[in-house]
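This is what each chain is made of:
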Amino acid sequence: MNLVARSENSAEFRDGFCRLGVGPRAFWGRFLDLAPQGMAEFWVAFENGAPVGRVGASRLPSYPETGAIGFFEAPNETVAAALLNAAETWLKERGVKTAVGPMALNTWFGYRFRTDDHALKFPWEPNNPKEYPEYFVKLGYQEAEAYHSPAAEGLSAYAERTYETLKRLSSEGFRFRPFDGAKFLEKEVPILYELSQAAFKNNYLFEPISFEFFRELYVPIANKLDYTYSHFVTNAAGKEVGLFFAFPDQGYLVFKTICIHPEYQGRGLSTALSALSAIRGVEAGIGHFVTGLVKDGNRSESYTKKSKALWQHRYVLYRKAIG
């Protein structure tokens, strides 16, 4: 087995890295193009000339002693150990003392391993082989943060009990509008960017990113989702101060992203926005809903607490002291 790094600037590396990723090769290639030199490095493991594993390491400018390890793919523990060792060594040489993973560059992109064995899989959640968390644990990683996606029945009842909050806030001058799906990338993504940068700044390992990088989050799905379930809320001046990103998936309504500007938090805006999504879901004949990728202990857990639970998916982000 030999490891080839991005810094070697070879076609062999680029082809192997993109071939190992799930989905279009162009999507993975964009990470290589956008990740700044010196702040991130990538490796591909080859056996008998064929790519068998990959990994990436990145420095977090806002947390100089913390580095992210992601883009992880490995067929066995031996390859996993070689890849993680390369990433950890690179980070350690740059003053990093704690590695977290899996995390693709930062928390804006894919991170966490799924750890439960429920049969249902969604494209918006981690879909890793069950061995991956085991590799990390065997190689010295421990749980840093835990997350879950709870599913519940009773979307109609949820819509009914949250409708009063929607009415109250409407009477107070707040207005609600659906996402513009036809002009999503050019019209709505800049608003999403501005709101999320303000609302998520206190989140675990939050890292500001450029608009160009942020836009890459939505390019692969821009023309695939039904945006009629998602809404913005505006204040009396017509300024967007919150959003709720929801969509149907495999018979469930997914409550995916809740984002309220700090100046407007605590007023019930997220509840009102979720009511609109639930109403639209009920109209479409959807009876169950999922709150996606919730950090354990987060307020978003409240969406399903008063409803009958169906199942729960679990995820973990790991860390390891390396310096």
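This is a predicted model, so every value here is computed, not measured. (Residues numbered from 1 in each chain as written. Predicted model: local features only at pLDDT ≥ 70, side-chain atom pairs only at ≥ 80, totals over all residues. Heavy atoms only, no water.)

1. Observations regarding the overall build of the chain
Thinking step 1. For the chain, the count of helices and strands is nine helices and 14 strands.
Thinking step 2. What you see for the chain is a C-alpha radius of gyration of 21 Å, in line with the 20 Å of a compact globule of 323 residues.
Thinking step 3. With the C-alpha coordinates of the chain rotated into their principal frame, the extents come out at 65 × 40 × 35 Å.
Thinking step 4. Relative to its full complement of 323 residues, the chain shows a buried share of 52%.
Thinking step 5. Summarising the internal contacts of the chain: among those between residues at least 6 apart in sequence, 72% fall at separations of at least 24.
Thinking step 6. With the model as given, the accessible surface of the chain reaches about 14,700 Å², and the carbon-plus-sulfur share is 49%.
Thinking step 7. Here the chain contributes 37 positively and 36 negatively charged side chains, and the mean placements of these two sets differ by 4 Å. (Helix = DSSP H or I, 4+ residues; strand = E, 2+ residues; numbered from the N terminus. Rg over C-alpha atoms; globule rule 2.2 N^0.38 Å. Buried < 20%, exposed > 50% of the residue type's maximum accessible area, 1.4 Å probe, protein only. Contact = heavy atoms within 4.5 Å. Areas by Shrake-Rupley, 256 points an atom, 1.4 Å probe, with all protein chains shown as cover. Lys, Arg positive; Asp, Glu negative; His and termini not counted. Charge placed at Lys NZ, Arg CZ, Asp CG, Glu CD.)

2. Observations regarding the pattern of salt bridges
Two side chains that carry opposite charge are able to pair once their charged atoms sit near each other.
Thinking step 1. For the coordinates displayed, the defined rule picks out 20 salt bridges.
Thinking step 2. We note a salt bridge from Arg-177 to Glu-240, for which the minimum N-O separation is 3.1 Å. In this pair, Arg-177 is assigned in strand S8 (residues 175–178) and Glu-240 in strand S10 (residues 240–249), connecting sequence segments 63 residues apart.
Thinking step 3. Each member of the salt-bridge network shares a partner with another, and the members are Asp-15, Arg-19 and Arg-25. (Salt bridge = Lys/Arg side-chain N within 4 Å of Asp/Glu carboxyl O.)

3. Some points on helix H3 (residues 77–92)
Thinking step 1. Taking 1.5 Å per residue, 16 residues should reach 22 Å; H3 reaches 22 Å between its end C-alpha atoms and fits that length.
Thinking step 2. Here H3 has its buried residues at Val-79, Ala-80, Leu-83, Leu-84, Ala-86, Ala-87, Glu-88, Trp-90 and Leu-91.
Thinking step 3. Near the N-terminus of H3, the side chain that reaches the backbone nitrogen of Thr-78, with its oxygen 3.1 Å away, is that of Asn-76. (Expected span 1.5 Å × (residues − 1). Polar contact = N/O pair within 3.5 Å; in protein donor to acceptor, adjacent residues only side chain to side chain.)

4. Re the packing of helix H1 (residues 11–20) against helix H2 (residues 25–34)
Thinking step 1. At their nearest, the axes of H1 and H2 sit 8 Å apart, and the two run at 125° to each other. With respect to their mutual orientation, H1 and H2 come out oblique. Judged by the sense of rotation from one axis to the other, the crossing of H1 with H2 is right-handed. Judged by residue contacts, Phe-13, Arg-14, Asp-15, Phe-17, Cys-18 and Arg-19 of H1 engage Arg-25, Trp-28, Gly-29, Leu-32 and Asp-33 from H2.
Thinking step 2. Tallied by class, the residues present in the contact of H1 with H2 amount to five nonpolar, one polar and five charged. (Axes fitted to C-alpha atoms, helices over the stretch in contact; angles between N-to-C directions. Parallel < 35°, antiparallel > 145°, perpendicular 65-115°, else oblique. Left-handed = near helix turned anticlockwise from the far one by under 90°. Nonpolar A, V, L, I, M, F, W, Y, C, P; charged D, E, K, R; others polar.)

5. Here's the deal with the environment of Glu-143
Thinking step 1. The topology assignment puts Glu-143 in strand S7 (residues 142–153).
Thinking step 2. Separated by 25 residues in the primary sequence, Glu-143 and Arg-168 place their C-alpha atoms 41 Å from one another.
Thinking step 3. With near-sequence residues (within four places) excluded, Glu-143 lies in contact with Val-316, Leu-317, Tyr-318 and Arg-319.

6. Focus on the packing of aromatic side chains
Thinking step 1. Summed over the entire model, instances satisfying the criterion amount to 45 aromatic pairs.
Thinking step 2. Across the ring face of Tyr-229, the terminal group of Arg-280 is positioned such that the distance to the ring centre comes to 4.5 Å. (Phe/Tyr/Trp six-rings, centres within 6.5 Å; stacked < 30°, edge-to-face > 60°. Lys NZ or Arg CZ within 6 Å of the ring centre and 35° of its normal.)

7. Remarks on the pairing of strand S9 (residues 231–234)
Thinking step 1. On S9, burial covers both faces: His-231 and Val-233 on one face and Phe-232 and Thr-234 on the other are all buried.
Thinking step 2. As judged from the four bridges shared by S8 and S9, these two strands associate in the antiparallel manner. The residue of S9 that forms the bridge with Pro-178 is His-231.
Thinking step 3. For S9 and S10, the ladder comprises four bridges, and the chain directions are antiparallel. Note on S10: the bridge partner recorded for Thr-234 is Glu-240.
Thinking step 4. The antiparallel hairpin formed by S9 and S10 contains five residues in its connecting segment, where Gly-238 sits at a positive phi of about 85°. (Pairing = 2+ DSSP bridges.)

8. Digging into the nonpolar core
Thinking step 1. With 57 residues, the main nonpolar core has Phe-17, Phe-42, Phe-184 and Leu-192 as its most contacted residues.
Thinking step 2. If you tally residues by element for this core, the top one is helix H6 (residues 184–199), at seven residues.
Thinking step 3. If we skip the residues at most four places from it in the chain, Phe-184 touches Phe-179, Val-189, Leu-192, Tyr-218, Ala-222 and Tyr-227.
Thinking step 4. Formed by 27 residues, the second largest nonpolar core is a distinct cluster that contains Val-55, Ala-86, Leu-91 and Phe-136. (Core = buried A, V, L, I, M, F, W, Y, C linked by side-chain atoms within 4.5 Å.)

9. Focus on unusual backbone geometry
Thinking step 1. The omega angle of the peptide bond from Gly-101 to Pro-102 is 0°, so this bond is cis rather than trans.
Thinking step 2. One can find Pro-102 in the loop between strand S5 (98–101) and strand S6 (113–114).
Thinking step 3. Although it is not a glycine, Phe-71 sits at a positive phi angle of roughly 55°.
Thinking step 4. Of note in the backbone geometry, Leu-293 takes a positive phi value of approximately 55° without being a glycine.

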